[in-house]
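Next come the chains, spelled out residue by residue.
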Amino acid sequence: MKNPPAKPSQLITKEFAKQLNVNYNNKRASLTAKKAQKEDANAIWYSLEELENYIHYIKTNGAKDGYNVDGIRFYFGVYPDDEKHGEKAGLTTLFLVPTGKKIENNTAKIQSFASTQQALSSDIQSLEPMNYGNIGRPPSLIY
């Protein structure tokens, strides 16, 4: 029988999650609503299938590009305020960017500050970010 997955160390309490959501709604969402005269997104939803497909995509294509993909960075953004973006214009979004390290050859190298800095995980620019989850507005989703 398979062992159950280990409990992630980054879990937070439901109460703290609610506090974070209330803080966001009180600051960002209400500020944007005043400026744009419309209610801003306060949640973004991706299906498990979409996330699993993206993870498979970045791992596979990252390896092809010579990277060891080690994570995903989540960035907040705001859609341009133009007709092309319709009802999302001027509203908050969340997009995902793969991170990783370039796979290095086993050739001897001199360790220096520069090579140590390069060894840090960073955004992988050769792979496309993921966006267009389903937004929680209006009515706003409240955690």
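Below is a summary of the structure that appears in this document. (Residues numbered from 1 in each chain as written. Predicted model: local features only at pLDDT ≥ 70, side-chain atom pairs only at ≥ 80, totals over all residues. Heavy atoms only, no water.)

With respect to a nonpolar patch on the surface
Consideration 1: On the surface, a cluster of nonpolar side chains totalling about 270 Å² of accessible area is made up of Ile12, Phe16 and Leu20.
Consideration 2: Positionally, Leu20 belongs in helix H1 (residues 14-36). (Patch = residues over 30% accessible without salt bridge, like charges linked within 9 Å, V, L, I, M, F, W, Y side chains within 5 Å. Areas by Shrake-Rupley, 256 points an atom, 1.4 Å probe, with all protein chains shown as cover. Salt bridge = Lys/Arg side-chain N within 4 Å of Asp/Glu carboxyl O. Helix = DSSP H or I, 4+ residues; strand = E, 2+ residues; numbered from the N terminus.)

With respect to the nonpolar core
Consideration 1: Formed by Tyr46, Tyr54, Ile58, Tyr67, Val69, Leu96, Ile124, Leu127 and Met130, the largest nonpolar core amounts to 9 residues.
Consideration 2: Going through the elements one at a time, helix H2 (48-64) and strand S2 (67-78) are the ones with two or more residues in this core.
Consideration 3: Here Leu127 is in contact with Tyr57, Ile58, Asn61, Gly62, Asp65 and Pro98, once residues within four sequence places are set aside. (Core = buried A, V, L, I, M, F, W, Y, C linked by side-chain atoms within 4.5 Å. Buried < 20%, exposed > 50% of the residue type's maximum accessible area, 1.4 Å probe, protein only. Contact = heavy atoms within 4.5 Å.)

With respect to the packing of aromatic side chains
Consideration 1: Considering all chains together, one arrives at 3 aromatic pairs under this definition.
Consideration 2: Considering the side-chain rings of Tyr54 and Tyr57, the 6.1 Å spacing of their centres and the 25° angle between planes classify their relative orientation as stacked. With Tyr54 and Tyr57 both in helix H2, this residue pair falls 3 residues apart, about one helical turn.
Consideration 3: Plain terms: the ring middles of Tyr75 and Phe95 are 5.4 Å apart, the flat faces sit at 15° to each other, and that makes the pair stacked. Taken as a pair, Tyr75 in strand S2 and Phe95 in strand S3 (residues 92-102) lie far apart in primary sequence, 20 residues in all.
Consideration 4: You can call Phe95 partly exposed: its relative accessible area is 24%. (Phe/Tyr/Trp six-rings, centres within 6.5 Å; stacked < 30°, edge-to-face > 60°.)

Some details on unusual backbone geometry
Consideration 1: The backbone of Tyr132 shows a phi angle near 65°, a positive value even though the residue is not glycine.
Consideration 2: Tracing the sequence through the fold places Tyr132 in the loop between strand S4 (122-123) and strand S5 (134-135).
Consideration 3: Overall, the relative accessible area of 54% leaves Tyr132 in the exposed class.

A look at the pattern of salt bridges
Consideration 1: Applying the stated criterion to the full structure yields 1 salt bridge.
Consideration 2: As a salt-bridge pair, Asp123 and Arg73 come within 2.6 Å of each other at their nearest N and O atoms. With Asp123 in strand S4 and Arg73 in strand S2, this pair connects stretches of sequence that are 50 residues apart.
Consideration 3: Arg73 sits in the partly exposed class, given a relative accessible area of 34%.

Looking at the side chain of His85
Consideration 1: Considering the arrangement of structural elements, one finds His85 in the loop between S2 and S3.
Consideration 2: Side-chain polar atoms of His85 contact the side chain of Asp82, separated by 2.8 Å. (Polar contact = N/O pair within 3.5 Å; in protein donor to acceptor, adjacent residues only side chain to side chain.)

Worth remembering: the numbers are spatial, not functional.
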